[in-house]
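Here are the chains, one letter per residue:
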Amino acid sequence: MTKTLSKPPRAAALALSAAMAATPMLALAPSAALAVPPGGYADLVEAVSPAVVFIEVTGKQQQAVAQQQLPPGMPEELRRRFEHMLPGQDGAAPAPRQGLGSGFIISEDGQIVTNHHVVAGAETVTVKLADGRKFDAEVVGSDAMTDIALLKVSADVDLPKVDFGTSKTLRVGDEVVAVGNPFGLGGTVTSGIVSALSRDIQAGPFDDFIQTDAAINRGNSGGPLFNNEGEVVGVNTAILSPGGGSVGIGFSVPSDLVQTIVADLADDGSVERGWLGVQIRPMTPEVANVLGYDEPRGAVIEAITEDSPAAKAGLKKGDIILSFGDTEVDDLRDLTRAVATTTPESAAEVVVLRKGSEQTLDVTVGALEPKPA
């Protein structure tokens, strides 16, 4: 395999750092609106960098993880010798796991946004500002499905902050600036363009990433992606890289989604999501041809969980879900996202294709049980 999605800090090929991607842009004529600001980005960086923080995390190193690093098939005597050298053996305490990431302050009272994977499993979280001040941080809440976490620090003065902009108006070719903490090198600034929008990297139902080519590496995870107005339009989350370093292809969570998740986390530390209780697969081209569709659409139900909202609503195996509420289901993530963003215990109309005819069913959405971090 020559390419892997990276997210630092998950081992070599899967690095939990954020990245941005690049595609050349052809312009018929230069436009001042798309040009680098006169004099460069110095004024922008000076304005936003005080609110970009560097995050240090410590957590327990699992002994089992260390043991799994030994190659399979190793002779028993040799294995015992190596195990004695591993942390946590012979009664010794396992060495603490350490990690680095980035984040940004969104309120003067110390709310900080970063990635879920930066703080997942953390015992202590320390936040360092650009001016050298350090604070112990509390994890208010964390959402694995969108890879967004909210931290809180307490200070006796107002802290510098940055504001969110909307990601909805971003266009391919727009200039962006990333500020973060790659490899522990705090205050690193890179610039690039938006290479693509609404990228699906098969990470989950909320895949709608901004792709950009601003250089991002390990330690940039959770850092902000700015537009030319100094507004946060994304949170740097993942890179596509053969060796874990930046090759100009990276992904950021759009700010419009981030703001929604942060608001939920700030409310009670969790994000409530809807649950339908079905296993689904795509429609095949052959079935689409038989049904008279130009291309596959909808989600085919493969199985239904007993006593689930889908079962109670009368959905059946083999039904093809064409729409859920106001959402047309063109591919699987349309359905999973629509269900997940529906408030539990609320009703929705589901249009299904069953034995060649469309039927509309009413379903009361359940609550998805959160997965442990």
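None of these values were measured; they are calculated from a predicted model.

## Thoughts on the overall build of the protein
In step 1: A tally of helices and strands in the protein yields eight helices and 22 strands.
In step 2: Burial status across the protein gives 45% buried among its 373 residues.
In step 3: Taking the contacts inside the protein whose residues are at least 6 apart along the sequence as the reference set, 65% of them involve residues at least 24 apart.
In step 4: As displayed, the protein has an accessible area near 18,900 Å², and 52% of this comes from carbon and sulfur atoms.

## Details of the pairing of strand β10 (residues 188–199)
In step 1: Across six bridges, strand β9 (residues 175–180) lies against β10 in antiparallel orientation. Opposite Glu-175, over in β10, you have Ile-193 as the bridge partner.

## Thoughts on the nonpolar core
In step 1: Within the largest apolar cluster, 45 residues are counted, with the highest numbers of intra-cluster contacts made by Ile-55, Val-113, Val-127, Ile-148, Leu-151 and Phe-226.
In step 2: Looking at which element gives the most residues to this core, the answer is strand β2 (residues 52–59), with five residues.
In step 3: Apart from the residues within four sequence positions on either side, Leu-151 is in contact with Ile-55, Gly-110, Gln-111, Ile-112, Thr-114, Val-119, Val-125, Val-127, Ala-137, Glu-138, Val-139 and Val-140.
In step 4: In this structure, Ala-299, Phe-324, Leu-335 and Val-363 belong to the second largest nonpolar core, which totals 18 residues.

## Section: the pattern of salt bridges
In step 1: Throughout the structure, instances matching the rule amount to eight salt bridges.
In step 2: In this structure, Arg-273 and Asp-143 form a salt bridge, with 2.7 Å as the shortest nitrogen-oxygen distance. Of this pair, Arg-273 sits in the loop between α5 (255–268) and β15 (274–275) while Asp-143 sits in strand β7 (residues 138–143), and the two are 130 residues apart along the sequence. Judged on exposure class, the residue Arg-273 and its partner Asp-143 are both buried.
In step 3: Asp-307 is the partner of Lys-312 in a salt bridge, and the nearest nitrogen-oxygen pair spans 4.0 Å.

## Looking at the confidence of the model for the protein
In step 1: Chain-level pLDDT for the protein is 80 on average; 77% of the residues reach the 70-or-more range.
In step 2: When mean pLDDT is compared element by element in the protein, strand β4 (residues 111–114) scores highest at 95, while helix α2 (residues 63–68) scores lowest at 45.
In step 3: In the predicted structure, residues 1–34 sits below a pLDDT of 50 and forms 109 contacts with residues beyond four places in sequence or in another chain.
In step 4: Taken together, the stretch residues 63–68 has pLDDT below 50 and engages in eight contacts with residues farther than four places along the chain or on a different chain.

## Examining unusual backbone geometry
In step 1: Unlike most non-glycine residues, Ser-198 shows phi in positive territory, near 55°.
In step 2: Here Ser-198 lies in strand β10.
In step 3: Taking the relative accessible area as the measure of exposure, Ser-198 reaches 37% and is therefore partly exposed.
In step 4: With phi around 75°, Glu-345 is a residue other than glycine that occupies positive phi space.

## Let's talk about the packing of aromatic side chains
In step 1: Scanning the model with the defined rule gives two aromatic pairs in all.
In step 2: Ring geometry for Phe-104 against Phe-164: centres 5.9 Å apart, planes inclined by 80°, an arrangement best described as edge-to-face. Of this pair, Phe-104 sits in strand β3 (residues 97–105) while Phe-164 sits in the loop between β8 (148–152) and β9, placing them 60 residues apart in sequence.
In step 3: On the basis of relative accessibility, which here comes to 0%, the residue Phe-104 falls in the buried class.
In step 4: Note that Arg-297 overlies the ring of Tyr-293, its terminal NZ or CZ placed 5.2 Å from the centroid.

## Let's talk about a negative patch on the surface
In step 1: Together, Asp-264, Asp-267, Asp-268 and Glu-272 line one region of the surface with negative charge.
In step 2: Along the polypeptide, Asp-264 turns up in helix α5.
In step 3: Residue class for Asp-264 comes out partly exposed when judged on its relative accessible area of 31%.

## Some remarks on the side chain of Asn-181
In step 1: Mapped onto the secondary structure, Asn-181 falls in the loop between β9 and β10.
In step 2: Here the side chain of Asn-181 touches Gly-101 through a polar contact of 3.5 Å, landing on its backbone oxygen.
In step 3: Residues contacting Asn-181, with those up to four places away along its chain left out, are Phe-54, Leu-100, Gly-101, Ser-102, Gly-186, Arg-218, Gly-219 and Asn-220.

## Details of the pairing of strand β20 (residues 347–354)
In step 1: For β20, the tally of buried residues reaches six of eight residues, placing the bulk of the element in the interior.
In step 2: Both strand β18 (residues 320–324) and β20 contribute to a ladder of four bridges, which runs antiparallel. Its bridge partner lying in β20, Ser-323 is registered against Val-351.
In step 3: Pairing geometry for β20 and strand β21 (residues 357–364), over eight bridges, is antiparallel. Bridge assignment links Arg-354 to a residue of β21, and that residue is Ser-357.
In step 4: If you look at the hairpin formed by β20 and β21, you'll find two residues sitting between the two strands, and Lys-355 has a positive phi there, around 55°.

## Considerations on α5
In step 1: The first and last C-alpha atoms of α5 sit 20 Å apart over 14 residues, in line with the 20 Å expected at 1.5 Å per residue.
In step 2: Every buried residue of α5 is listed here: Ser-255, Val-258, Ile-261, Val-262 and Leu-265. In a view along the axis of α5, the buried residues occupy a sector of 120°, so they form one face of it. In α5, the exposed residues that point more than 90 degrees away from the buried face are Asp-267 and Asp-268.
In step 3: Elements that come into contact with the buried residues of α5 comprise β4, β7, β8, β13 (232–240) and β14 (250–254).
In step 4: Gly-269 sits one or two residues past α5 and shows a positive phi near 80°.

So, how was this worked out
- Residues numbered from 1 in each chain as written.
- Predicted model: local features only at pLDDT ≥ 70, side-chain atom pairs only at ≥ 80, totals over all residues.
- Heavy atoms only, no water.
- Helix = DSSP H or I, 4+ residues; strand = E, 2+ residues; numbered from the N terminus.
- Buried < 20%, exposed > 50% of the residue type's maximum accessible area, 1.4 Å probe, protein only.
- Contact = heavy atoms within 4.5 Å.
- Areas by Shrake-Rupley, 256 points an atom, 1.4 Å probe, with all protein chains shown as cover.
- Pairing = 2+ DSSP bridges.
- Core = buried A, V, L, I, M, F, W, Y, C linked by side-chain atoms within 4.5 Å.
- Salt bridge = Lys/Arg side-chain N within 4 Å of Asp/Glu carboxyl O.
- pLDDT = per-residue confidence, 0-100.
- Phe/Tyr/Trp six-rings, centres within 6.5 Å; stacked < 30°, edge-to-face > 60°.
- Lys NZ or Arg CZ within 6 Å of the ring centre and 35° of its normal.
- Patch = residues over 30% accessible without salt bridge, like charges linked within 9 Å, V, L, I, M, F, W, Y side chains within 5 Å.
- Lys, Arg positive; Asp, Glu negative; His and termini not counted.
- Charge placed at Lys NZ, Arg CZ, Asp CG, Glu CD.
- Polar contact = N/O pair within 3.5 Å; in protein donor to acceptor, adjacent residues only side chain to side chain.
- Expected span 1.5 Å × (residues − 1).
- Arc of directions from axis to C-beta.

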